[in-house]
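# Close look at the chain arrangement
Each chain is listed here by its residues.
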Amino acid sequence: YPTVSRRYHEQKEKGLLPHMKKRLLSVLLTVVMVLSLFPTAAFAVTVDNTYQPGTYTASAPGRDDAPVSVTLTLEQQDDKVVISDLQADGSTQTPRFWEIVEQSELFDNIKKANGTDGVDVVSGATQSSKAVLAAVEQALAQATSTLSGSGTASDPYRIENAAQLAAFAASVDGGSTYADEYVVLGASIDLSDIDSWNPIGTEDGVTAVFQGTFDGRGYSIRDLTINETVTAGDSYHGLFSVLGSSAVIKNLNLANVDIRVENTSGKAYAGAVAGATNKTATSAHSVIGTRIDVCSATGSVSAITSGDALVYAGGMIGFGQIGTAITNCWTDVNVSAVANNSGKNSMAGGIIGNSGNYTVVANCATFSNVYAAAPAATNYGGLAGGLVGMMAGKQYNSYATGDITIANGGLAKDHHWVGALDGQ
């Protein structure tokens, strides 16, 4: 802190040291607070056969936070995947420090180690060489479906790319609930190459669901697409299928989702974050269950049933069960729920399609257009609300600005509801 030190001595000479001490303490405390917000340190890695051959690029902040970029190539050589080439661009760095990096054995050492594990920074160019190592690790994270971390709060499982997110979904499908464990995003993820996303957790909503903490850390998951026709049983679709009663989803942005689900047999539940949540025990109504906090969603969510079954669609959640809390969230999602049968309701909301008792929606906003229809219904109809289609819980400090529409074909009598905040 050369500037702080210089000012300290100037103030000392002027006899203003007591005030300077207070200012210096304030500055140092501020620095500590700011540093505490930075991401955790990079993790050492070694390339193995779980890495996919290809060319990957990434960057990391070096001296004065100026970025250092690397481009590395992975090749399959005999029975092993290796780093075959490594290039780095340090043109943003102080020339004399970057020259030290280039003249060192840093790049050769990374190639020899086939990663960064055991590779030291370069003496005399610490910040620039740290940036090289961090950028290499970020590039390598793009090449593997294996998650780093141990799942603890201080060392969470880390998801860096679409392959890792898909592998995580498959692990939950296989029975790993991640209860009491932590998962974070380490980068924004583009899912545009996946034709129809496999929700995290089984789509029946029963066999396997996520029960841990998923922290997006402010990153986005973009272009999630689901286009499915279900012919047997109830179905749950979203980034997650169903969220368990201990699940926490926070600091996550879902951009340009496109979810279209038709169920020809059972109930259909659809939402950008999840089709539904699990309820807490009915005897524990004072207990918060699933929590969704500081999340956003844009795009479209559509759910249709053509059998004799209910349908739920929401900008965040299709059906929020007892104890669900959605706070500090917003959506801009075109939401549609259609029941093409003669005896069931359709429910659609900008945040939740239908909420169970003791759910909470607080400090939320929705700009979503919402549509609910039961065109063949005789005794049932559509329920559409800016926030919630059918609300059995509480709303606090929330608002909705989108268009709300019901369309029941004139057959349902006194069984259709529409409201700016909730349909019923």
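In what follows, the structure referred to is the one given above.
Residues numbered from 1 in each chain as written. Predicted model: local features only at pLDDT ≥ 70, side-chain atom pairs only at ≥ 80, totals over all residues. Heavy atoms only, no water.

## Here's the deal with the overall build of the protein
Check the secondary structure of the protein and you find six helices and 30 strands. In the protein, 77% of the contacts between residues at least 6 apart in sequence involve partners at least 24 apart. (Helix = DSSP H or I, 4+ residues; strand = E, 2+ residues; numbered from the N terminus. Contact = heavy atoms within 4.5 Å.)

## Structural notes on the pairing of strand S20 (residues 346-349)
Side chains Ser-346 and Ala-348 project from S20 onto one buried face, and the interleaved Met-347 and Gly-349 project onto a second face that is buried too. Relative to strand S25 (residues 382-385), S20 runs parallel, the two sharing four bridges. Directly across from Met-347, in S25, lies its bridge partner Leu-383. (Buried < 20%, exposed > 50% of the residue type's maximum accessible area, 1.4 Å probe, protein only. Pairing = 2+ DSSP bridges.)

## As for the environment of Thr-92
Within the element layout of this structure, Thr-92 appears in the loop between strand S3 (80-89) and helix H3 (95-103). Taking the C-alpha atoms as reference points, Thr-92 and Ser-69, 23 residues apart in sequence, are found 9.5 Å from one another. With near-sequence residues (within four places) excluded, Thr-92 lies in contact with Ala-66 and Pro-67. Polar contacts involving the side chain of Thr-92 include one to the main-chain carbonyl oxygen of Pro-67, which spans 2.6 Å. Here the side chain of Thr-92 touches Gln-93 through a polar contact of 3.2 Å, side chain to side chain. (Polar contact = N/O pair within 3.5 Å; in protein donor to acceptor, adjacent residues only side chain to side chain.)

## Describing the nonpolar core
Leu-165, Phe-168, Phe-210 and Phe-214 are the most contacted members of the largest nonpolar core, which totals 60 residues. Looking at this core element by element, the count peaks at six residues for strand S12 (residues 248-263). Not counting chain neighbours up to four residues away, the residues in contact with Leu-165 comprise Ile-159, Ile-189, Leu-191, Trp-197, Ile-200, Phe-214, Ile-221 and Leu-239. Core analysis: the next-biggest nonpolar cluster, separate from the first, contains 31 residues, Val-45, Val-70, Leu-72 and Leu-74 among them. (Core = buried A, V, L, I, M, F, W, Y, C linked by side-chain atoms within 4.5 Å.)

## Describing the sheet that holds strand S1 (residues 54-61)
Taken in spatial order, the three strands line up as S1-S2-S3 in an open sheet, and their pairing is antiparallel. Looking at which strands have only one partner, the edges of the open sheet turn out to be S1 and S3. Adjacent strand axes in the sheet meet at a mean angle of 25° when their direction is disregarded. Bridge analysis of S1 against strand S2 (residues 67-77) gives eight bridges, and the strand direction is antiparallel. (Axes fitted to C-alpha atoms, helices over the stretch in contact; angles between N-to-C directions.)

## Section: the sheet that holds strand S14 (residues 274-277)
Ordered by their spatial adjacency, five strands build an open sheet running S11-S14-S17-S21-S26, and the pairing between neighbours is parallel. Strands with a single pairing partner mark the edges of an open sheet, and in this sheet they are strand S11 (240-243) and strand S26 (388-390). Averaged over all adjacent pairs, the angle separating strand axes in this sheet is 15°, with direction ignored. In terms of strand pairing, S11 meets S14 through three bridges, oriented parallel. Looking at S14, one finds that Phe-240 is bridged to Ala-274.

## Some remarks on H3
Every α-helical turn comprises 3.6 residues, leaving residues that sit three or four positions apart pointing alike. For H3, the full list of buried residues reads Phe-97, Trp-98 and Val-101. Across the axial projection of H3, the buried residues extend over an arc of 95°, all falling on one side. Turned more than 90 degrees from where H3 packs its buried face, Pro-95, Arg-96 and Gln-103 sit exposed. Each element contacted by the buried residues of H3 is listed here: S2, S3, helix H4 (106-113) and helix H5 (126-141). (Arc of directions from axis to C-beta.)

## As for the pairing of S12
Bridge analysis of strand S7 (residues 213-215) against S12 gives three bridges, and the strand direction is parallel. Across the sheet, residue Asp-215 finds its bridge partner in S12, namely Lys-250. Alignment of strand S8 (residues 220-222) against S12, held across three bridges, turns out to be parallel. Residue pairing in the sheet places Arg-222 in a bridge with Ala-255 of S12. With six bridges connecting them, strand S9 (residues 225-230) and S12 associate as parallel partners. Pairing of Val-230 across the sheet is with Asn-263, part of S12. By the bridge criterion, 13 bridges tie S12 to strand S15 (residues 291-305) in an arrangement that is parallel. Within S15, the residue paired with Leu-254 across the bridge is Ala-297.

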